[in-house]
Amino acid sequence: MKQAWEDLGTEYEASSSVAIGDCDCTQHQSVCSKHGVSGYPTIKYWNAGDKEGKKYSGGRSISDLKKFVEDNLEVKCDVKDPKGCTEKESKYIDTMSAKDKDAIAKELTRLKGMKAGSMKPELKQWLSQRLSILEQLK
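Not measured: the values here are computed from a predicted model. (Residues numbered from 1 in each chain as written. Predicted model: local features only at pLDDT ≥ 70, side-chain atom pairs only at ≥ 80, totals over all residues. Heavy atoms only, no water.)

Draft legend 1. Main features of the packing of aromatic side chains. Evaluation of the coordinates by the stated rule reveals 3 aromatic pairs. For the ring pair Y45 and F68, a centre distance of 4.9 Å and an interplane angle of 70° mean the geometry is edge-to-face. Taken together, the positions of Y45 in strand β1 (residues 44-45) and F68 in helix α3 (residues 62-73) put the pair 23 residues apart, joining distant regions of the chain. Across the pair, exposure class does not vary: Y45 and F68 are buried alike. (Phe/Tyr/Trp six-rings, centres within 6.5 Å; stacked < 30°, edge-to-face > 60°. Helix = DSSP H or I, 4+ residues; strand = E, 2+ residues; numbered from the N terminus. Buried < 20%, exposed > 50% of the residue type's maximum accessible area, 1.4 Å probe, protein only.)

Written out as structure tokens, the structure is:
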């Protein structure tokens, strides 16, 4: 479980809409008590504006956790309905939509190659956003 949670945190470290964290309840009993955590490990999640949080009861593998985040928590820019996109994402959609499929594939390959590199969190976030857009356009 611990490794899956750490891997999930790494996967979403550059996300603009998902934050993965943990709390050692043996060290921070008041925090855990405040949020109704009495058994360990307990996974809770909060949507924007949610004060109480909800208990997660799904699978504990990295694939189960990632699917839950993708389906329920992550806010993505949708190329077909860009109302949830940032201005920067919208401009990138316009730019890349004007290109042919080969140019999109080439850019996708280039950006995927950069994903493993070291970069500031805000740059990694922008890289993830562009990859998501390109995956939708290909």
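Next comes the rest of the description.
Draft legend 2. Quick look at the layout of surface pockets. By volume, the largest pocket is sized at about 1000 Å³. Every element with two or more residues in the lining of the largest pocket is listed here: α1 (2-11), α2 (29-34), β1 and α3. When residues of the lining of the largest pocket are assigned to their parent elements, the largest contribution, 5 residues, is made by α3. Tallied by class, residues from the lining of the largest pocket come to 23 nonpolar, 7 polar and 5 charged. As for the second largest pocket, its lining consists of 28 residues, and the residues nearest its centre are E74, K76, S128, Q129 and S132. When contributions to the lining of the second largest pocket are tallied by element, the ones reaching two or more residues are α1, α3, α5 (101-114) and α6 (121-137). Sorting elements by how many residues they give to the lining of the second largest pocket places α6 first, with 8 residues. Among the residues forming the lining of the second largest pocket, the class breakdown is 7 nonpolar, 10 polar and 11 charged. (1 Å grid on protein atoms, 1.4 Å probe; cavity = no way out; pocket = protein on both sides within 12 Å on 5 of 7 lines; lining within 4 Å. Points joined across faces, edges and corners; volume = space filled by probe spheres on them. Nonpolar A, V, L, I, M, F, W, Y, C, P; charged D, E, K, R; others polar.)

Draft legend 3. Region of the structure containing the environment of A19. When you line up the elements, A19 lands in the loop between α1 and α2. A sequence separation of 27 residues divides A19 from W46, and the C-alpha atoms of the two residues are 9.8 Å apart.

Draft legend 4. Quick peek at the state of the cysteines. Tallied over the full model, the rule gives 2 disulfides. With its sulfur 1.8 Å from that of its partner, C25 forms a disulfide with C32. Taking the sign of the S-S torsion, about -85° here, the bridge from C25 to C32 comes out left-handed. C32 shares its class with C25; the two are buried. (Disulfide = S-S within 2.5 Å.)

Draft legend 5. Broad picture of the nonpolar core. In terms of nonpolar packing, the biggest core is built from 15 residues, with Y92, I93, M96, L111, I133, L134 and L137 touching the most fellow members. Those elements that place two or more of their residues in this core are α4 (87-97), α5 and α6. Among the elements that line this core, the one with the most residues is α6, at 6 residues. In contact with L134, not counting residues within four places along its chain, are Y92, M96, I104, E107, L108 and L111. By size, the runner-up hydrophobic cluster in this structure holds 12 residues, among which are A4, W5, Y45 and V69. (Core = buried A, V, L, I, M, F, W, Y, C linked by side-chain atoms within 4.5 Å. Contact = heavy atoms within 4.5 Å.)

Draft legend 6. Region of the structure containing unusual backbone geometry. Between Y40 and the following residue, P41, the backbone shows a cis peptide bond with an omega angle of -5°. Turning to its location among the elements, P41 is positioned in the loop between α2 and β1.

Draft legend 7. Inspection of the packing of α1 against α3 at higher detail. Interhelical geometry of α1 versus α3 gives an angle of 40° and a closest axis separation of 9 Å. Classified by the interaxial angle, the pair formed by α1 and α3 is oblique. The two elements α1 and α3 meet at a crossing, and its hand is right-handed. Contact residues: α1 offers A4, W5, D7, L8 and E11, while α3 offers I62, L65, K66 and V69. Split by residue class, the contact of α1 with α3 holds 6 nonpolar, no polar and 3 charged. (Axes fitted to C-alpha atoms, helices over the stretch in contact; angles between N-to-C directions. Parallel < 35°, antiparallel > 145°, perpendicular 65-115°, else oblique. Left-handed = near helix turned anticlockwise from the far one by under 90°.)

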